[in-house]
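Commentary on secondary and tertiary structure
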Amino acid sequence: MTTLPRSNAISWDECFMRMAHVIAERSKDPSSQVGAVIANQHNVVMGLGYNGFPRGIHSDKFPWEREGKFLDTKYAYICHAEENAVYNSNIPVRGCKVFTTMFPCNECAKMLVQNGVAEIIFELDKYPDQDIFIAAKRLFDAAGVKYREYKSAWAV
C-alpha cells in the first residue's frame, strides 16, 4: 500500500497571509492592526512587521488619534507594517513578495520599490480613492512591481 501526500494543505499565499494576520495582532493601534510578511522566491520568510511606534518608544508616548492636527495624530509617529518587515529582514529583500493585510500607502510603496520588492499581495484595499493609495499604485505600475488582491480560499 502506498501512502499519498495530504492534498488539502494550504497554499503559500494562504500561509503567508495568515502569518500577516497573526503578526498584526502585535499592533497596539486601536483602529488599524496591519501585518506584513516578506517571502523570497523559495517561500522562505525574510521579514515580519506590524504597525506601531519606532523601536524603544513606548506605546503611550504619542497619540493614537486618527484625526486632528498632524502632530496630534498617530500619522506623524507610526511605522507601517511593510516598512517594519523590511527593517526586520536580515538580508536584502530584492525580488521578494510582500504579503500585507492592507494595501500599502505611497510612503511604503516608495520604500518597497527602492528595496526591489517584486510583488505585493494585499488582502484589503480599504481606501482606494485616497491620494496616497492612488500614488502607491502609480509608483508600483511605473516600477513594474506587481500587485494583486488576495482572496482566501478558506473564507466562508
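These figures come from a predicted structure and were not determined experimentally.

**Thoughts on the overall build of the protein chain**
Within the protein chain one finds four helices and five strands. Listing every helix and strand of the protein chain by position from the N terminus yields α-β-β-α-β-α-β-α-β. Taken over C-alpha atoms, the radius of gyration comes to 17 Å for the protein chain, in line with the 15 Å a tight globule of 156 residues would show. Expressed as a percentage of its 156 residues, the buried residues of the protein chain come to 40%. Put simply, of all contacts in the protein chain between residues at least 6 apart along the chain, 61% involve residues at least 24 apart. For the protein chain, the separation between the mean place of its 18 positive charges and that of its 18 negative charges on side chains is 5 Å.

**Examining the layout of surface pockets**
Estimates place the volume of the largest pocket at around 580 Å³. Lining the largest pocket are 24 residues, with Tyr-75, His-80, Cys-105, Ile-132 and Phe-133 sitting closest to its centre. Grouping the amino acids of the lining of the largest pocket by side-chain chemistry returns 13 nonpolar, five polar and six charged. One number sums up the size of the second largest pocket: a volume of about 330 Å³.

**What to know about the environment of Ala-36**
Of note, Ala-36 is situated in strand E1 (residues 35-39). Accessibility expressed as a relative area gives 0% for Ala-36, which makes it buried. With 45 residues separating them along the chain, Ala-36 and Ala-81 place their C-alpha atoms 5.4 Å apart.

**Description of the sheet that holds E1**
Overall, mixed pairing links the five strands, which are arranged E2-E1-E3-E4-E5 in an open sheet. Edge positions in the open sheet fall to strand E2 (45-50) and strand E5 (146-149), since each of these has one partner strand only. Put simply, the sheet's adjacent strands are angled 15 degrees from each other on average, direction ignored.

**What about the pattern of salt bridges?**
This structure, assessed with the given rule, holds seven salt bridges. Between Glu-119 and Arg-148 there is a salt bridge, with the nearest N and O atoms lying 2.6 Å from each other. Here the residue Glu-119 occupies a position in strand E4 (residues 119-124), and Arg-148 occupies one in strand E5, the gap between them amounting to 29 residues. On the basis of relative accessibility, which here comes to 14%, the residue Glu-119 falls in the buried class.

**Here's the deal with the packing of aromatic side chains**
Two aromatic rings are characterised by how far apart their centres lie and by the angle between their planes. The final tally for this structure, using the stated rule, is ten aromatic pairs. Considering the side-chain rings of Trp-12 and Phe-16, the 5.4 Å spacing of their centres and the 20 degrees angle between planes classify their relative orientation as stacked. Taken together, the positions of Trp-12 and Phe-16, both in helix H1 (residues 12-24) and four residues apart, correspond to about one turn of that helix. A residue is classified by how much of its surface remains accessible, and Trp-12, at 47% relative accessible area, is partly exposed. When the ring of Phe-103 is compared with that of Phe-140, the centres are 6.0 Å apart and the planes differ by 75 degrees; the resulting orientation is edge-to-face. Placement of Phe-103 in the loop between strand E3 (97-102) and helix H3 (106-114) and of Phe-140 in helix H4 (residues 131-143) is noted, with a sequence separation of 37 residues between them. Across the pair, Phe-140 and Phe-103 agree in class, each one buried. Taken together through their ring pairs, the aromatic side chains of Phe-53, Phe-62, Trp-64 and Tyr-77 make up a single cluster. Over the ring of Phe-103 we find Lys-137, and its NZ or CZ is 4.7 Å from the ring centre.

Cut-offs applied
Chains are numbered independently. Their residues run from 1 in the order of the written sequence. This being a predicted model, a pLDDT of at least 70 is required before a residue's local features are given, and a value of 80 or more before pairs of side-chain atoms are given or counted; all residues contribute to the totals for chains, interfaces and linings. Values shown for side chains rest on all heavy atoms present in the structure; no hydrogens or waters enter the calculation. In this description a helix means any DSSP run of H or I spanning at least four residues, a strand means any run of E spanning at least two, and both kinds are numbered starting from the N terminus. For a compact globule the rule gives 2.2 Å times the number of residues to the power 0.38, and the radius of gyration it is set against comes from C-alpha atoms. For each residue, the accessible area found with a 1.4 Å probe, counting protein chains only, is set against the maximum for its type, and the residue is called buried under 20%, exposed over 50%, and partly exposed in between. The contact rule is simple, with two residues in contact once any of their heavy atoms fall within 4.5 Å. His residues and chain termini do not enter the charge count, which takes Lys and Arg as positive and Asp and Glu as negative. In this description, the location of a charge corresponds to atom NZ of lysine, CZ of arginine, CG of aspartate or CD of glutamate. In this analysis the probe radius is 1.4 Å and the grid spacing 1 Å, with only protein atoms considered; a cavity is a set of points the probe fits into but cannot get out of, a pocket is an open set with protein on both sides within 12 Å along at least five of seven lines, and lining residues have an atom within 4 Å of a point. Grid points are joined across faces, edges and corners, and a volume is the space filled by probe spheres set on the points. Amino acids are sorted into nonpolar (Ala, Val, Leu, Ile, Met, Phe, Trp, Tyr, Cys and Pro), charged (Asp, Glu, Lys and Arg) and polar (every other residue, Gly among them). Strand pairing follows a simple DSSP-based rule, namely that at least 2 bridges must link the two strands. Simply put, an axis is a line fit to the C-alpha atoms, just over the touching stretch for a helix, and the angle between two N-to-C directions goes from 0 to 180 degrees. Salt bridge criterion: a side-chain nitrogen from Lys or Arg within 4 Å of a carboxyl oxygen from Asp or Glu. Stacked, edge-to-face and tilted are the three classes for Phe, Tyr and Trp ring pairs, Trp counted by its six-membered ring, which pair at centre distances within 6.5 Å; planes under 30 degrees apart are stacked, over 60 edge-to-face, the rest tilted. We count a charge as sitting over a ring when the NZ of a lysine or the CZ of an arginine lies within 6 Å of the ring centre and within 35 degrees of the ring normal.

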